[in-house]
Every structure is written in C-alpha cells, then in structure tokens.
Amino acid sequence: MPIKADYHIHSYFSGDSNAPMEQMVQTAIQKGLSHLCFTEHMDFNFPYQSFDKPDMFVVNTDSYLYELLTLKEKYRSQIELHFGIELGMQPSVLRENLIYSRSYEFDFIIASSHLCNGRDPYYPDFYEGRSEEEAYREYFTSILESIKSFHNFDVYGHLDYVVRYGPNKDKNYSYEAYKDILDAILMHLIENEKGIEINTGGLSKGLQDVHPCTSILKRYRELGGEIITIGSDSHSPENLGAHFDKAAEILTACDFKYYCIFTNRVAEYFRL
C-alpha cells in the first residue's frame, strides 16, 4: 500500500463513533500505517434531531487531546499520531469556528460541510420538492460561500459529500453538470493555498467513486492544485486505510506525484 497516512478518522470522541481511540491506533499499526491523524467532529449550532445524542458533534477537546497525547507517547516508536479536527462550516458559526480553531495547537484542520443553509443533506426532506441537481447545486454554492468567509483550515473535506445521501446518490452525478461552481471552489482554494482531501468513505458506503469524484480531482490538478491528503473517514477500526490502493491509483491517473500530511499546520509531501 503506497499510502501510509490516514488523515481523516474518528474515535469515540465524536458522537457518531463508538471506537476506542487506542483500538484505532493499534489497528492502524497492524495495517501498516505510519501516520494517523484523528479529526474529531466540531460542528457548532448543529440542528439535532430528537433522537440524537445531546451535543453529539461537539467534542470535549481537552479530554480528546489528553488521551491522544498519552497514546502518542505510548506508541511513539510504532506510529506518528497527529492532533486534528473536522470543523463544520456554516455562515452562522464563523466567529465560533475562528475562536475555536485558534484556541488549540492543531496539527491539521479539515473544513467540511455537513449542513447546507442549516439543513442536513443526510435526511430525505433536504431533497423534497426539487430536483436532485438543484439540491446538489445549493450544497456546492454553500461551500463557496463558506470558503470566501473562513480561511483557518488546511483542506476542504469530502467536497461532494452531498452525493452520499441524494435520492440517486452518485448514479447521475458528474463534475461536468456543476463545472461552473466547482471550478470556482477549486480556484479559490488554490489561490488561498488550501488543499482538498481524497476521502475513501464514499466507496465504503457503496458509491461508485471517492470524494470528491475522480473528475474533480483531475480538474484540481489541471488548475495547479497540489495539496491533497488521504482519509478513510473511518469511524471504526475495520475501515482504517480502506480503499487506499484505489486512492493511489486515482491520484496517479490524475497526475499527482505526492500526497500530504500536516504537522503543526505545515504540509509535508510524500511520494506516491
């Protein structure tokens, strides 16, 4: 496996995971990974459903960091562990995100859109009363608005996350249908020295392609994009490093020669 760094994972410090952090570390070692970055969820002002755990996407950062540092020391000769966060983007929480992202010495910050204008694309009502294309376009437009307003992040995560939950998922989805807005997103990221991730979680959930789709990755490279991290988006040990061989094939086909890891918010490049 040419990719040895999983830079998007969650443990039981994220409300949608039950995986003990140490079990994630031990499994990563068994799978031959050399670098692991925990990116627990921090989504301020999330519109929880009645059946959700209270504040399930608000991480107890001090507890998270304490356990991570303990494991970092314990396994220092076997794997490098990094302190990351996945920040949920919404226009209404820009101040909260800015204060929080400056309050800790993170190695790595992923910006992600789990919501679109206060609504969760996970639920069917996000798509009701309009076409799938209209829903996807609203989602991408919200990303462009977010990255124009907030800059304290390193990569944008699972750029086309919305297709995981659309009525037809990625069956009818293509970069070309949204080229105008997607190109604007990619160019803004590149101009501001921000990267994107290749997120293999979509493959684990039955999609045909990674996030973002291969055509977007190819376009990012054509426009001059170079900063790219790899993440399984794993919430359980068995999915750590899942589909990384496929990710390496896709990156090579898109003319990437390297992938990145981040330490102290500084990118380091590893040859594929």
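Everything in this summary refers to the structure shown in the same document. (Residues numbered from 1 in each chain as written. Predicted model: local features only at pLDDT ≥ 70, side-chain atom pairs only at ≥ 80, totals over all residues. Heavy atoms only, no water.)

Focus on the environment of S103
Inclusion rule: A run of H or I in DSSP counts as a helix once it spans at least four residues, and a run of E counts as a strand once it spans at least two, with each numbered from the N terminus. Burial classes follow relative accessibility: with a 1.4 Å probe on protein chains only, a residue under 20% of its type's maximum area counts as buried, one over 50% as exposed, and anything between as partly exposed. Nitrogen and oxygen atoms within 3.5 Å of one another constitute a polar contact, given that in protein one can donate a hydrogen and the other can accept it, and given that sequence-neighbouring residues count only through two side-chain atoms.
Of note, S103 is situated in the loop between helix 3 (94–101) and strand 4 (108–112). Residue S103 is classed as partly exposed on the basis of its relative accessible area of 45%. Taking the C-alpha atoms as reference points, S103 and E40, separated by 63 residues in sequence, lie 15 Å from one another. A distance of 2.6 Å separates a polar side-chain atom of S103 from the backbone oxygen of I99.

Points about the pattern of salt bridges
Going by this rule: For this analysis, a salt bridge means a side-chain nitrogen from Lys or Arg found within 4 Å of a carboxyl oxygen belonging to Asp or Glu.
Going through the model one piece at a time under the given rule, you end up with 10 salt bridges. With a closest N to O distance of 2.0 Å, E73 and R76 form a salt bridge. Connected through salt bridges with shared partners, the residues K179, D183, R219 and E222 form a single ionic network.

A short note on helix 8 (residues 244–253)
What counts here: This arc is built from the directions going out from the helix axis to the C-beta atoms. Only heavy atoms matter for contacts: two residues are in contact if any of them lie within 4.5 Å across the pair.
Among the residues making up helix 8, those that are buried are F244, A247, A248, I250 and L251. The buried residues of helix 8 occupy one face: seen down the axis, they fall within an arc of 165 degrees. Turned more than 90 degrees away from the buried face of helix 8 sit E249, T252 and A253, all of them exposed. Considering only its buried residues, helix 8 is in contact with strand 1 (5–9), strand 6 (195–199), helix 7 (214–222) and strand 7 (228–231). Just downstream of helix 8, D255 is the residue with a positive phi angle, here 75 degrees.

Describing the nonpolar core
Convention followed: For the purposes of this section, nonpolar cores are sets of buried Ala, Val, Leu, Ile, Met, Phe, Trp, Tyr and Cys residues that join through side-chain atoms within 4.5 Å.
One finds L36, F140 and I185 to be the most contacted residues of the largest nonpolar core, which totals 85 residues. Broken down by element, the residue count for this core peaks at 7 residues, all from helix 4 (residues 132–149).

A word on empty space enclosed by the protein
Put simply, the rule is: Residues are called lining when one of their atoms sits within 4 Å of a cavity or pocket point, these points coming from a 1 Å grid over the protein atoms alone, where a cavity is a set in which a 1.4 Å probe fits but cannot get out and a pocket is an open set with protein on both sides within 12 Å along at least five of seven lines. Grid points are joined across faces, edges and corners, and a volume is the space filled by probe spheres set on the points. The nonpolar class holds Ala, Val, Leu, Ile, Met, Phe, Trp, Tyr, Cys and Pro. Asp, Glu, Lys and Arg form the charged class, and all remaining residues, Gly among them, are polar.
A full pass over the atoms with the stated rule returns 1 cavity of 30 Å³ or more. What the largest cavity holds in volume is close to 30 Å³. Along its surface, the largest cavity is lined by M89, Q90, P91, S113, L115, C116, N117, S142 and S146. Here the residues of the lining of the largest cavity are counted per class, giving 4 nonpolar, 5 polar and no charged.

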